[in-house]
Amino acid sequence: MAMAAVISLEESRQSFAKTRARQDLHEYLDGWLDRLEATMADDTPSLEELTHAVFAMRQELTGRITQALVEQWHARGLHQRTMPCPHCQRLLPARPAPPRTVHTMVGEVSLGRPYFYCSHCQRGFSPLDDALQLSERRTQWDMQKAAARLAAEVPFETAQELFAELTGLSLSDHTIHEVTGELSHELGVLEVSPTAAEIAHRVAEMAAGKTWRPVMVLAIDGAYVPTRPEQAKGQVTGRRHTRAKRAGWQGEWKEAKGFRFYLVDKERIVHVLSWHQVQTDKEAAEALRQVNAAGLIPEDQVRLCVIGDGAKWIWKQVKTLFPTAVQILDYYHCREHMHKVGGLQFGDDAVQEQEWVEAMMARLFWGYVDWAIEGLEALQPRDRHAAEEIRKLIGSLRNSAGRLHYRVARKGGYPIGSGGIEAANKCISHVRLKRSGAWWYIEKANQMLALRCAAYNGTFDSVFEVYKRRVLQRHRGNPL
Ligand SMILES: [Zn+2]
């Protein structure tokens, strides 16, 4: 009975506080409406004029509502008088401190929260910040996330402009750079990959109502990105006027090696996962190994096929990791090679070159690899250069004999060209990294590529969540 009375007293105190908070808000809303009305120029405003006025002032209101909600849900934390020091357990009294104002997507929120300082440990604490999971930055997580998402799509400067235009909030260039850098720092292939369950779900959707298991393609290829050398970071020595004439470094195009898994049928392509980095063959192979080891590719649920060019590391790795996959030498890569030989051999006669290439590709398409090789052997090389290219092409066809069954592949529903990875190269690498005048440090290029892979793979939210947890954890372990 006594217990029930205590609970009901506590409940009524809470409901009283809630009623008070609501009354305050209603009053604030009245004042807000008055101020809004005062900004209207005429008596018959257009809808656009009205939305403009509301847009300009909306964050004051939504920020204030959020503040009231914090006051309602965290009343205890806001009025905390004492706390034991988490390190030495001494009881600390709350000290007067100026309110902390944070910026969120719904406006500024001002928090008059208690502050505690242990002079013995020489540390200060704001327990409410932990309870609210505040970022140490003034700019809170929701704004950080939106800014980084924009920066992953467009240059930083444009991101800043768009952010201000679309939200009415401003963000410093410095914050966008820092957040994007921290978020994408040390992202590996597994961090940006969908989970095995998500991939299995995409496979199941593709398989629904069909007799055959869906075809999953692993396409491997590179894309060139503009990079700048590390020494461009350092101070250039020499007098100012000589420095200004020419940068002390030269940009270089480097290959971002990448792979993409996707599902394909007659009607559509369903993306599964992409990973692109400026990296060595060995690093690309290692990333592929990690994907395989993490069990992300449900090989028993799909018909896996691999499309790549002649790069040795690709086929070596595929043989080890996906031994049962159908292997296909990219048809267009093969055709390009054929054109190179044709050009050297029949250079003056474009028609003859074209006919010869078509005939050779037809032989390959129908599976007559030996016949194609015989055709090459029968050529009388026009010069030494042509002879060398013919020899190389014969070698490459012999090595790839098992990867040239184009017609059979087609019949089985497998693609024969790597259009899928070219699309990924374009969307992930080129769109963001190839900008006139933009040369990237390799580390920065790779961070941006990783972030774009996350966005493309549908894992940007989870990547951001991991970053947020990491930062919060770091701050908890090391309070101010
Ligand atoms: Zn202490």
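Residues numbered from 1 in each chain as written. Predicted model: local features only at pLDDT ≥ 70, side-chain atom pairs only at ≥ 80, totals over all residues. Heavy atoms only, no water.

Caption draft 1: The arrangement of the pattern of salt bridges in detail. Counting across every chain of the model gives 21 salt bridges. One salt bridge connects Glu178 with Arg137, and the closest N-O pair in it is separated by 2.9 Å. Of this pair, Glu178 sits in helix H7 (residues 173-184) while Arg137 sits in the loop between helix H4 (127-131) and helix H5 (141-151); the two residues are 41 residues apart in sequence, bridging distant segments of the chain. By relative accessible area, which is 31% here, Glu178 ends up partly exposed. For Arg137, a relative accessible area of 18% translates into the label buried. Linked by salt bridges that have partners in common, Arg100, Arg113 and Asp129 make up one network. (Salt bridge = Lys/Arg side-chain N within 4 Å of Asp/Glu carboxyl O. Helix = DSSP H or I, 4+ residues; strand = E, 2+ residues; numbered from the N terminus. Buried < 20%, exposed > 50% of the residue type's maximum accessible area, 1.4 Å probe, protein only.)

Caption draft 2: Representation of the coordination of the zinc ion. For the zinc ion, every protein donor is listed as Cys85 (SG), Cys88 (SG), Cys118 (SG) and Cys121 (SG), and the spread of their distances is 2.2 to 2.4 Å. Because the angles between the 4 donor atoms bound to the zinc ion fall within 104 to 115°, the donor set is best described as tetrahedral. Between consecutive donor residues of the zinc ion, the sequence gaps follow C-x2-C-x29-C-x2-C. On the basis of relative accessibility, which here comes to 24%, the residue Cys121 falls in the partly exposed class. (Donors = N, O, S within 2.8 Å, 3.2 Å for Na, K, Ca; no water. Tetrahedral: all angles 85-135°; square planar, octahedral: opposite > 155°, others 65-115°.)

Caption draft 3: How the structure looks around unusual backbone geometry. Within the chain, Gln122 stands out as a residue other than glycine whose phi angle is a positive 55°. Of note, Gln122 is situated in the loop between strand E5 (115-118) and strand E6 (123-125). The phi angle at Gln133 is positive, at roughly 50°, despite the residue not being glycine. Along the chain, Gln133 turns up in the loop between H4 and H5.

Caption draft 4: Inspection of the layout of surface pockets at higher detail. Volume-wise, the largest pocket comes out at about 660 Å³. If you trace the largest pocket, you find 20 residues lining it, with Gln14, Ala17, Glu71, Gln72 and Ala75 closest to the centre. Where the lining of the largest pocket is concerned, the elements lending two or more residues are helix H1 (2-39), helix H2 (47-73) and helix H3 (75-78). Per element, the largest residue contribution to the lining of the largest pocket is 10 residues, and it comes from H1. Partitioning the lining of the largest pocket into residue classes produces 6 nonpolar, 5 polar and 9 charged. (1 Å grid on protein atoms, 1.4 Å probe; cavity = no way out; pocket = protein on both sides within 12 Å on 5 of 7 lines; lining within 4 Å. Points joined across faces, edges and corners; volume = space filled by probe spheres on them. Nonpolar A, V, L, I, M, F, W, Y, C, P; charged D, E, K, R; others polar.)

Caption draft 5: Focus on the sheet that holds strand E2 (residues 91-95). Taking strand neighbours across the sheet as the criterion, the 4 strands line up as E1-E2-E5-E6 in an open arrangement whose pairing is antiparallel. Strand pairing shows two members of the sheet lacking a second neighbour, strand E1 (82-84) and E6, which therefore form its edges. Adjacent strand axes in the sheet meet at a mean angle of 35°, parallel and antiparallel pairs treated alike. Note that E2 and E5 share 2 bridges and pair antiparallel. Paired with Arg95 across the two strands is Tyr115, which belongs to E5. (Pairing = 2+ DSSP bridges. Axes fitted to C-alpha atoms, helices over the stretch in contact; angles between N-to-C directions.)

Caption draft 6: The arrangement of a nonpolar patch on the surface in detail. Among the surface-exposed residues, Ile65, Leu69 and Trp73 lie close enough to one another that they form a single nonpolar patch of about 330 Å² accessible area. Structurally, the position occupied by Trp73 is in helix H2. (Patch = residues over 30% accessible without salt bridge, like charges linked within 9 Å, V, L, I, M, F, W, Y side chains within 5 Å. Areas by Shrake-Rupley, 256 points an atom, 1.4 Å probe, with all protein chains shown as cover.)

Caption draft 7: Expanded view of the packing of aromatic side chains. With the rule as written, the count across this model stands at 11 aromatic pairs. Between Phe261 and Phe322, the aromatic rings sit 6.2 Å apart at their centres with planes inclined by 75°, giving edge-to-face as the arrangement. Taken together, the residues span a long stretch of sequence, with Phe261 in strand E8 (residues 252-264) and Phe322 in the loop between helix H12 (312-321) and strand E11 (326-329) at a distance of 61 residues. Judged by its relative accessible area of 0%, Phe322 is buried. Centre to centre, the rings of Tyr368 and Trp371 are 5.8 Å apart; their planes meet at 75°, and the pair counts as edge-to-face. By relative accessible area, which is 47% here, Tyr368 ends up partly exposed. Here a set of aromatic residues connected by ring pairs shows up, and it is made of Trp141, Phe464 and Tyr467. The ring of Tyr28 carries the charged tip of Arg64 above its face, separated from the ring centre by 5.3 Å. The ring of Tyr441 has Arg228 sitting right over it, with the charged end atom 5.2 Å from the ring centre. (Phe/Tyr/Trp six-rings, centres within 6.5 Å; stacked < 30°, edge-to-face > 60°. Lys NZ or Arg CZ within 6 Å of the ring centre and 35° of its normal.)

Caption draft 8: Spatial organisation of the nonpolar core. Core analysis: the largest hydrophobic core is formed by 68 residues, its most contacted members being Met216, Ile220, Phe259, Phe261, Leu273 and Phe322. Ranked by the residues each element gives to this core, the list is headed by helix H19 (residues 442-457), at 7 residues. Other than its neighbours up to four places away in sequence, Met216 contacts Ile199, Val203, Phe261, Tyr262, Leu263, Val272, Ile297, Pro298, Val302, Arg303, Leu304 and Cys305. Ranked by size, the runner-up nonpolar core spans 35 residues in total, among them Val264, Leu329, Val369 and Leu376. (Core = buried A, V, L, I, M, F, W, Y, C linked by side-chain atoms within 4.5 Å. Contact = heavy atoms within 4.5 Å.)

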